[in-house]
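# Chain and residue survey
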Amino acid sequence: MDDRQLRQWAQDHLIRTGLLIDVVPPWEGPIFARAQGSVIVDTAGKEYLDFNSGQMCSALGHNNPRVVKAIQQAATTLTHASSVFYNVPQIELAKRLADLVDRPLAKSMFIQSGADSTEGAILLARRYTGRTAIGAFHLAFHGYSDVTRAMSFCATAPGYGPVLPGIYAFPTPYCYRCRQRPADGGCCMTSLTVGLEVLDRQCGGELAGIIVEPLVSAGGVIDLPPGFLGALRRECDKRGALLILDEAQTGLGKLGTMFAYQEAGVIPDIMTLSKHLGGGIAVSAVVTTAAIEDRAAAGGMIFGHSHSGDPLACAAAVASIEEIVAENLPEKARHIGQQWQSLMGELQKQHEVIGDIRGRGLLQGVELVRDRETRVPATRETTKVFQECVRTGLLFSVRGPHRNVLRFVPPFTTTPEQLARAAEMLDAAIRKA
């Protein structure tokens, strides 16, 4: 298909809703046609290193053979089924997840997107506790539906009407920009203690749960201080509230353990999964305990959509889990993360604009600043770096409250040579910016 014709059709017929639309408008950027592994190709035949893994949903690599085979088989067996009755792939997926998670987590339900799974988790917490209030980080992102937009504070924008009531923000522990950081460089728990004091006042005993990302991604690739999740777990228990972990971007091997909660030694009451769960196919999960599921179900909880538990999507997710386990992808994520941070460390020595390097495994962040001492965000420079990288063939995201954090999510398939090439392109883009 002619590139100019496609662009005209897009301009005439697509509603403009894209992320970073003011940085690289989609009608001016590449139009993607095909992909394999860590490389995606546009309609002009230009190749890009996809260090965003699509929208982080192709972390297994584009067109993973095991997932493709599962989709092909499902497409000739059962593509869609009733959301009233169970189907075989749905049950198989629930068993695969139950074998991966730690008890008392044991039960799952499957929907389509990360926003869907967040909504399901919030509903479970409310039905189980009989309360309504939900706490979330002030730099959180949990989706773009009306419910999840209310708790996606890092993406707050005017003009969407009143947000869902009963959602409250508390401070994200952003160590690089913490004003209370001790002189010895360690991390304090001020954000937790003060945040919970305010949350208690706001909620008036109605706190049903607190939802957090184990590594805050869209908010700026912010890793939580050591001990933070454990302390939060204890504080939730004191209040009879549930701890909900959004592992859309951190689970299933991406950070170097099967789930991020395992490294912290903290088991949540409810966990959500999405992104690469389906190996590129839309499917998400809510995982919880038998006790929570039992009380919620006994109370008549109803949740789902027309495509909840679709057999094709569940079959893809089963194959995705098989790939993660069989290929020991958590270990591969650790190696990729270590090599990337080493490459970024070398760039930091050359470029004063690189203020901080952080992240784990496949989820990496580089924060750009105009001055390392004052840490003034280099927002304008970040935009120029991003635009230049897209032009030369490196894809990633720009995130953070100041839009000065480069977020890299290379697929598990990324080779050492591709990592080095990406670092070279980033180096050149920084020099030009």
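This is a predicted model, so every value here is computed, not measured. (Residues numbered from 1 in each chain as written. Predicted model: local features only at pLDDT ≥ 70, side-chain atom pairs only at ≥ 80, totals over all residues. Heavy atoms only, no water.)

Time to look at the overall build of the chain. In terms of regular secondary structure, the chain is built from 14 helices and 18 strands. Against the compact-globule benchmark of 22 Å for 433 residues, the chain has a radius of gyration of 21 Å, which places it among compact chains. Seen along its three principal axes, the alpha-carbon backbone of the chain occupies a region of about 60 × 60 × 45 Å. Burial status across the chain gives 52% buried among its 433 residues. By sequence separation, contacts in the chain at least 24 residues apart represent 73% of the contacts at least 6 residues apart. As displayed, the chain has an accessible area near 19,200 Å², and 53% of this comes from carbon and sulfur atoms. (Helix = DSSP H or I, 4+ residues; strand = E, 2+ residues; numbered from the N terminus. Rg over C-alpha atoms; globule rule 2.2 N^0.38 Å. Buried < 20%, exposed > 50% of the residue type's maximum accessible area, 1.4 Å probe, protein only. Contact = heavy atoms within 4.5 Å. Areas by Shrake-Rupley, 256 points an atom, 1.4 Å probe, with all protein chains shown as cover.)

Note that side chains of opposite charge can pair when their charged atoms are close. Evaluated as defined, the whole model comprises 24 salt bridges. Residue Glu235 is joined to Arg239 by a salt bridge in which the shortest nitrogen-to-oxygen separation is 2.6 Å. Placement of both Glu235 and Arg239 in helix α8 (residues 228–239) is noted, with a separation of four residues, approximately one turn of the helix. Residue classification places Arg239 among the partly exposed positions, given a relative accessible area of 21%. The closest approach of N and O atoms between Glu367 and Arg358, which form a salt bridge, is 2.7 Å. Here Glu367 matches Arg358 in class, with each residue buried. (Salt bridge = Lys/Arg side-chain N within 4 Å of Asp/Glu carboxyl O.)

The subject of this paragraph is the side chain of Ser117. Inspection of the secondary structure puts Ser117 in helix α5 (residues 114–129). Those residues in contact with Ser117, other than ones at most four positions away along the chain, are Ile111, Thr272, Leu273, Ser284, Ala285 and Val286.

Running from amino to carboxyl end, helix α7 (residues 190–203) crosses α8 at an angle of 25°, the nearest separation of the two axes being 11 Å. Classified by the interaxial angle, the pair formed by α7 and α8 is roughly parallel. In terms of crossing hand, the pair formed by α7 and α8 is right-handed. Within the contact between the two elements, α7 uses Ser191, Leu192, Leu196 and Asp200 and α8 uses Phe228, Ala231, Leu232, Glu235 and Arg239. Among the residues forming the contact of α7 with α8, the class breakdown is five nonpolar, one polar and three charged. (Axes fitted to C-alpha atoms, helices over the stretch in contact; angles between N-to-C directions. Parallel < 35°, antiparallel > 145°, perpendicular 65-115°, else oblique. Left-handed = near helix turned anticlockwise from the far one by under 90°. Nonpolar A, V, L, I, M, F, W, Y, C, P; charged D, E, K, R; others polar.)

On to helix α12 (residues 329–350). Taking 1.5 Å per residue as the helical rise, α12 with its 22 residues ought to reach 32 Å, and the 32 Å between its terminal C-alpha atoms agrees with that figure. The inward-facing, buried residues of α12 abut α11 (311–326), β13 (354–360), β14 (363–371), β18 (405–408) and α14 (416–432). (Expected span 1.5 Å × (residues − 1).)

Let us look at the packing of aromatic side chains. The tally for this structure, following the rule as stated, stands at nine aromatic pairs. On the basis of an interplanar angle of 5° and a centroid distance of 5.6 Å, the ring pair of Phe259 and Tyr261 is categorised as stacked. Ring geometry for Phe386 versus Phe396: centroids 5.4 Å apart, planes at 80°, classification edge-to-face. In this pair, Phe386 sits in helix α13 (residues 379–392) while Phe396 sits in the loop between β16 (394–395) and β17 (397–399), placing the two residues ten residues apart along the sequence. Neither Phe386 nor Phe396 differs from the other in exposure class; each is buried. (Phe/Tyr/Trp six-rings, centres within 6.5 Å; stacked < 30°, edge-to-face > 60°.)

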